[in-house]
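Each chain, letter by letter, is given below.
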Amino acid sequence: MKYVIGIDLGTSAVKALLMNEQGTIVDEASRSYPLVHEKPSYSEQNPNDWVTGTKAAIQEIVKRFTEDVSTIVGISYSGQMHGLVLLDENNDVLRPAILWNDTRTTEQCKQIVEHVGQEELLRITKNNALEGFTLPKILWVKEYEPEIFNAVKTFLLPKDYVRFVMTGNLHMDYSDAAGTLLLDIEKSEWSQEIAAVLGIDLAICPPLVSSATEVGQLTEEFAKSTGLTTATKIYAGGADNACGAIGSGVAGDGKTMVSIGTSGVLLSYEESNSKDFEGKVHYFNHVVEDAYYTMGVTLSAGHSLSWFKERFAEGQSYNELFTGIDTIAPGSNGLLFTPYIVGERTPYADSTIRGSYIGIDAAHTKLHFARAVMEGIVFSLRDSLEIFRTSGKDITKMVSIGGGAKSPVWLQMQADIFNVTVYKLKNEQGPSIGACMIAAVGADIYTDFEEAVQACVQIEGKFEPNPENVEIYNQLYAIYQQIYTQTKALNEQLNLFR
Ligand SMILES: Nc1ncnc2c1ncn2[C@@H]1O[C@H](COP(=O)(O)OP(=O)(O)O)[C@@H](O)[C@H]1O
Ligand SMILES: O=C(CO)[C@@H](O)[C@H](O)COP(=O)(O)O
């Protein structure tokens, strides 16, 4: 029997899955690491924490593995997108990684639009300039840390750095490169035009490869420290949302995924890159060659709930926090929450907006506040759904993945607020399943992603919308939608005090 390992380098933790050639997950391990918010709007991680966590998770799996390790034939990756890792000429890390949910780069986004031009930017990259993307982060370092910028030899995205430590080779795959805002989507190459106009030397960009490309084998050192062999082949991998999409079977037209991880994502498969969403949603390369996907992103989805738990329910598990939450009526007895605790992306690209609780009543308990957070996160994802529906997409079912899909109450809320049938996977870790599938396709265990989806995607259950709740949530959503506009100016004033 052959096996593959899929590594999902998430924002809260790295998760490793061991999958056999029949598509069954046989073991898993994870390690969490801190997220550092040194200042409001900053969000960084130490790339060495990713490496240490990945090594420990693989060691744990290998320790429990009772067969010959040479049967673990391949490893691939799914990675949190957009994060900037800068390496010097010795391939040493120059500064902490600046992550996807770091919104310090509003000025740099304006500069990009000014120099490249909005129309040209959309034509080349299919996306708007948003704080979370990598290019504005490169420009921020250029402006504020010139010494570091001058020492840069290569930039990588998070999973590319972990892969580099494991193989000694530098690469980036198209699905992740699409999120840098430096990729010419049409030509599938780094954009000379954007780089030239912004004074960036394209030599810092790593070679581009497809997700299932073999990019090397494990270094002796990494193999030795984890118990694997140097014969294990390494495949490039992809952006976590693209991996989550194939891991949940979203590899064909009309298929939709919702993910509540640290971020929240509503993602829809696209057969081509020819549609025009005017930059309202992100438009990226899929890990499936010549396919694409569009998605809306809530910056703090699961993060809003983990924030709530850390601040107001310290020491409680999620299950303890949720006890009794299903006894509270939809709408949390008139309490609404907007999850803009680090700013927002879709539909409001706004780094200054912050979250609100609206309608606090003396009768509300901690449970009402927790439920309102969960509902607010799903309302925010509905904002993205409305963009898709307005564009003509008929969305009636979705596969739900990410840490949030562990909670049946949250899954039912998604069915009721979106008014769709929500499917739950046997294992909610779509991105690492996707990473396993990439390794399996790379290693020729499956001929293509279609075959991999057939073998690996296992649906465990479904949640149907409850018509009564749908009606209540429709009314509440109309109120929720007004909160952004009504709190925007207030947050601009409060920004001075942050
Ligand atoms: N048991 C649970 N029930 C519901 N939600 C959970 C549970 N455990 C974690 N979560 C949510 O999942 C989020 C983490 O999801 P995950 O997909 O692991 O994130 P990431 O890939 O960003 O590391 C947490 O922030 C939390 O909101
Ligand atoms: O910025 C985005 C997508 O554009 C995020 O979705 C990141 O890719 C992080 O994902 P999670 O850690 O929440 O899975």
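Going by the annotation in an unreviewed UniProt entry, the name recorded for the protein chain is Xylulose kinase, with Solibacillus merdavium given as the source organism. The UniProt entry for the protein chain carries the following text under Sequence similarities (unreviewed entry): "Belongs to the FGGY kinase family." Regarding the protein chain, the relevant UniProt record gives this comment under Function (unreviewed entry): "Catalyzes the phosphorylation of D-xylulose to D-xylulose 5-phosphate."

Pairing within the open sheet is mixed, and its seven strands lie in the order β18-β19-β17-β16-β22-β23-β24. Of all strands in the sheet, those bounded by a partner on one side alone are β18 (282–285) and β24 (459–463). Taken over all neighbouring pairs, the strand axes of this sheet differ in orientation by 30° on average, direction set aside. Sheet topology note: the strand β16 (residues 256–260)/strand β17 (residues 264–270) ladder contains five bridges and is antiparallel. The partner of S259 across the bridge, within β17, is V265. The strands touched by helix α14 (residues 408–418) are β16, β22 (397–401), β23 (421–425) and β24; relative to β23, the strand with the most contacts, the crossing angle is about 155°.

Our next topic: the site of ligand 1. Taken together, 17 residues sit near ligand 1, with G10, G261, T262, G302 and G403 positioned nearest. Residues of the shell around ligand 1, tallied by class, amount to four nonpolar, 12 polar and one charged.

This part is about the site of ligand 2. As a matter of local geometry, ligand 2 sits amid 16 residues, with T11, M81, W100, G261 and S263 nearest to it. For the shell around ligand 2, the per-class residue count stands at four nonpolar, 11 polar and one charged.

Between the first and last C-alpha of helix α13 (residues 366–390) there are 36 Å, a value that for 25 residues agrees with the 36 Å anticipated at 1.5 Å per step. At the exit of α13 stands G392, carrying a positive phi of roughly 105°.

UniProt records the feature "domain: Carbohydrate kinase FGGY N-terminal" (unreviewed entry) at residues 3–247, using the numbering of this structure. Across residues 3–247 one finds 36% helix and 24% strand; the C-alpha atoms that close the span lie 17 Å apart.

Below, the discussion takes up helix α15 (residues 430–442). Every α-helical turn comprises 3.6 residues, leaving residues that sit three or four positions apart pointing alike. Taking 1.5 Å per residue, 13 residues should reach 18 Å; α15 reaches 18 Å between its end C-alpha atoms and fits that length. The buried fraction of α15 amounts to 13 of the 13 residues, a majority that puts the element mostly inside the structure. Within two residues after α15, D444 carries a phi angle of roughly 65°, on the positive side.

So, about the pairing of strand β1 (residues 3–9). Across the seven residues of β1, seven count as buried, placing the element largely inside the fold. Here seven bridges tie β1 to strand β5 (residues 72–79), and the two strands are oriented parallel to one another. Residue I7 lies in a different strand from β5, and its bridge partner there is Y77. In terms of strand pairing, β1 meets strand β2 (residues 13–20) through seven bridges, oriented antiparallel. The residue of β2 that forms the bridge with I5 is L18. Taking the residues between adjacent antiparallel strands as the criterion, β1 and β2 are bridged by three residues.

Take the packing of α13 against α14 next. Close contact between α13 and α14 brings their axes to 10 Å; oriented N to C, the two are set at 40°. The angle between α13 and α14 falls in the class oblique. Crossing angle aside, the handedness with which α13 passes α14 is right-handed. Residue-level contacts link M374, E375, V378, F379, R382 and L385 of α13 to W410, M413, Q414, I417 and F418 of α14. In terms of residue class, the contact of α13 with α14 is made up of eight nonpolar, one polar and two charged.

Moving on, we get to the nonpolar core. Grouped together as the largest cluster of nonpolar side chains are 146 residues, with contacts concentrated most on V4, I5, I246, C436, M437, A439 and A440. The dominant element in this core, judged by the number of residues it contributes, is α13, at 10 residues. If we skip the residues at most four places from it in the chain, V4 touches M19, V73, G74, I75, C436, A439, A440 and A443.

Per the UniProt record, "binding site: substrate" (unreviewed entry) is annotated on M81 and H82. Within the secondary structure, M81 is located in the loop between β5 and β6 (85–87). C-beta crowding within 10 Å serves as the criterion here: with 29 such atoms nearby, M81 is assigned to the buried category. With near-sequence residues (within four places) excluded, M81 lies in contact with W100, L157, D176, G179, A239, D240 and N241. Of note, H82 is situated in the loop between β5 and β6. Judged by the 25 C-beta atoms lying within 10 Å of it, H82 is buried. Excluding its chain neighbours within four sequence positions, the residues that come into contact with H82 are W100, G132, F133, T134 and G179.

This next bit is on unusual backbone geometry. Peptide bonds are trans in most cases, and residues, glycine excluded, mostly fall at negative phi. With an omega dihedral of 5°, the bond running from T346 to P347 counts as a cis peptide bond. If you check the backbone angles, E278 has positive phi at about 55° while not being a glycine. Of note in the backbone geometry, N333 takes a positive phi value of approximately 50° without being a glycine. Mapped onto the fold, N333 is located in the loop between α12 (318–322) and β20 (336–338). Under the C-beta neighbour-count criterion, N333 is labelled partly exposed, with 15 such atoms within 10 Å.

So, how was this worked out
Residues numbered from 1 in each chain as written. Chains lettered and ligands numbered in written order. Predicted model: local features only at pLDDT ≥ 70, side-chain atom pairs only at ≥ 80, totals over all residues. UniProt positions renumbered as here; feature names shortened; annotations may be inferred. Pairing = 2+ DSSP bridges. Helix = DSSP H or I, 4+ residues; strand = E, 2+ residues; numbered from the N terminus. Axes fitted to C-alpha atoms, helices over the stretch in contact; angles between N-to-C directions. Contact = placed C-beta atoms within 7 Å. Near = placed C-beta within 6 Å. Nonpolar A, V, L, I, M, F, W, Y, C, P; charged D, E, K, R; others polar. Expected span 1.5 Å × (residues − 1). Buried ≥ 20, exposed ≤ 12 C-beta atoms within 10 Å, placed from the backbone. Parallel < 35°, antiparallel > 145°, perpendicular 65-115°, else oblique. Left-handed = near helix turned anticlockwise from the far one by under 90°. Core = buried A, V, L, I, M, F, W, Y, C linked by C-beta atoms within 7 Å.

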